[in-house]
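Coordinates in review
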Amino acid sequence: MIKLFLLMGIIFAQETPASNTCTLQMEVTGAIGAATLDDLQRAQKKAERENCGALLLLINTPGGSLHTTRLIVDEIFNSPRPILCLVHPAGAHAGSAGAIILQACHVAGAMEATNIGAATPIAATGEKIPEDLRNKLLNDTISWLEGITKLRDRNLEFSREIVSKAKAVDAKEALKLGAIEFVAKSSDEFLQFCQNRKVKLSVSKEVEVQVGPIVKYETDLRSQLLSLITDPQIAYIMFMGSLGLIYFELTHPGTFAP
């Protein structure tokens, strides 16, 4: 009898698929930078510990570092679980780098009254980029984003124009153009849309999205400090302040403060 129960337990375990118990939620706000990448990597580790079947990114950003955006896209492409991205809340935007990240996600959605686009590369200081360098940046970014868009089967023309023409559209227009898959009234509605949706986890692997109870990823002091010192405006102020202190030291040798 004991052997029979053990045998039935083994058969049941083999026939019952492992359930994913949660969906990890992370907010992507403010400028995209090193702190964003660090948070995403740590969120992935937490999702692994919590046995989460999907990662939900709530995006509200004006953009940020193009280099960091490339690294974030690499993280999404190499993710062991689907990454679901929603421009959130109402009134938010996925601008510049945020629009590129949105195109890389396995499922892309937006809340009503949000907008997406304007991904033309610009200098961090706001200065005009020399024509040759600008053309190089534009062509490189366009070709890169085209590859992302083709993989996700989204609107190729839209991905070109948000870079070449700084095009931006609202959520409903983005849906019509095929730049996103869903316009939601809430994050719960978006997750319901994602449930059981088939997505390409990689070029050769297709999986069904499994949504579970929300577990929130909370930023800590490390994330907040990293976000502060890598913010382009704060970094520029620190740079100018450092130049001033160096000048003061040269003109007043031996002064302790500089």
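A brief look at the structure comes next. (Residues numbered from 1 in each chain as written. Predicted model: local features only at pLDDT ≥ 70, side-chain atom pairs only at ≥ 80, totals over all residues. Heavy atoms only, no water.)

**What to know about the pattern of salt bridges**
Under the counting rule described, the total for this entry stands at eight salt bridges. Measuring nitrogen to oxygen at the nearest pair gives 2.4 Å for the salt bridge that ties Arg160 to Glu146. Of the two residues, Arg160 is situated in helix α6 (residues 156-164) and Glu146 in helix α5 (residues 131-152); the sequence distance between them amounts to 14 residues. Between Lys165 and Glu161 there is a salt bridge whose closest N-O contact spans 3.9 Å. You can call Lys165 exposed: its relative accessible area is 61%. Counted as one network, the salt bridges with shared partners bring together Glu146, Glu157 and Arg160. (Salt bridge = Lys/Arg side-chain N within 4 Å of Asp/Glu carboxyl O. Helix = DSSP H or I, 4+ residues; strand = E, 2+ residues; numbered from the N terminus. Buried < 20%, exposed > 50% of the residue type's maximum accessible area, 1.4 Å probe, protein only.)

**A word on the environment of Gln210**
With respect to the secondary-structure elements, Gln210 resides in the loop between β10 (206-208) and β11 (214-216). Residue Gln210 is classed as partly exposed on the basis of its relative accessible area, which comes to 28%. Taking the C-alpha atoms as reference points, Gln210 and Cys52, 158 residues apart in sequence, are found 8.9 Å from one another. Within the structure, the side chain of Gln210 is placed 3.5 Å from the side chain of Gln195, a separation counted as a polar contact. (Polar contact = N/O pair within 3.5 Å; in protein donor to acceptor, adjacent residues only side chain to side chain.)

**Section: α6**
Side chains three or four residues apart in an α-helix point the same way, a direct result of the helix having 3.6 residues per turn. Among the residues of α6, those classed as buried are Phe158, Ser159, Glu161, Ile162 and Val163. Buried residues in α6 make contact with α4 (97-104), β6 (115-117), α5, β7 (168-170) and α7 (171-177). The backbone nitrogen of Glu157 has a side-chain oxygen 2.9 Å away, supplied by the residue at the start of α6, namely Asn155. Immediately beyond the C-terminal end of α6, within one or two residues, lies Ala166, with a positive phi of roughly 55°. (Contact = heavy atoms within 4.5 Å.)

**Describing a nonpolar patch on the surface**
Taken together, the side chains of Tyr236, Phe239, Met240, Leu243, Ile246 and Leu250 make up a nonpolar region of the molecular surface, amounting to roughly 630 Å² of accessible area. Mapped onto the elements of the fold, Tyr236 is located in helix α10 (residues 232-251). (Patch = residues over 30% accessible without salt bridge, like charges linked within 9 Å, V, L, I, M, F, W, Y side chains within 5 Å. Areas by Shrake-Rupley, 256 points an atom, 1.4 Å probe, with all protein chains shown as cover.)

**Thoughts on the sheet that holds strand β3 (residues 83-87)**
As summarised here, the arrangement of the six strands in space is β8-β5-β3-β2-β1-β11, forming an open sheet in which the pairing is parallel. Across the chains shown, the open sheet's two edge strands, defined by having one partner strand only, are β8 (182-184) and β11. Strand-to-strand twist across the sheet, computed as the mean angle between neighbouring axes with direction ignored, equals 30°. With three bridges joining them, strand β5 (residues 107-111) and β8 adopt parallel strand pairing. Across the sheet, Ala110 pairs through a bridge with Val183, a residue of β8. Each of β1 (22-29), β2 (52-60), β3 and β11 touches helix α2 (residues 34-50); the most contacted strand, β1, lies at about 170° to it. (Pairing = 2+ DSSP bridges. Axes fitted to C-alpha atoms, helices over the stretch in contact; angles between N-to-C directions.)

**A word on unusual backbone geometry**
With an omega of 0°, the peptide bond running from His88 to Pro89 counts as cis. Tracing the chain through its elements places Pro89 in the loop between β3 and β4 (93-95). In this structure, Ser96 is a non-glycine residue whose phi angle is positive, near 55°. Using a relative accessible area of 18% as the deciding quantity, one classes Ser96 as buried. Phi is positive for Asp153, which is not a glycine, with a value near 60°.

**Brief notes about the packing of aromatic side chains**
As enumerated under the stated definition, the model contains one aromatic pair in all. Ring centres of Phe182 and Phe193 lie 4.5 Å apart, and the angle between their planes is 10°; on these two criteria the pair is classed as stacked. Here the residue Phe182 occupies a position in strand β8, and Phe193 occupies one in helix α8 (residues 187-194), the gap between them amounting to eleven residues. Taking NZ or CZ as reference, Arg70 lies 4.3 Å from the ring centre of Trp144, over its face. (Phe/Tyr/Trp six-rings, centres within 6.5 Å; stacked < 30°, edge-to-face > 60°. Lys NZ or Arg CZ within 6 Å of the ring centre and 35° of its normal.)

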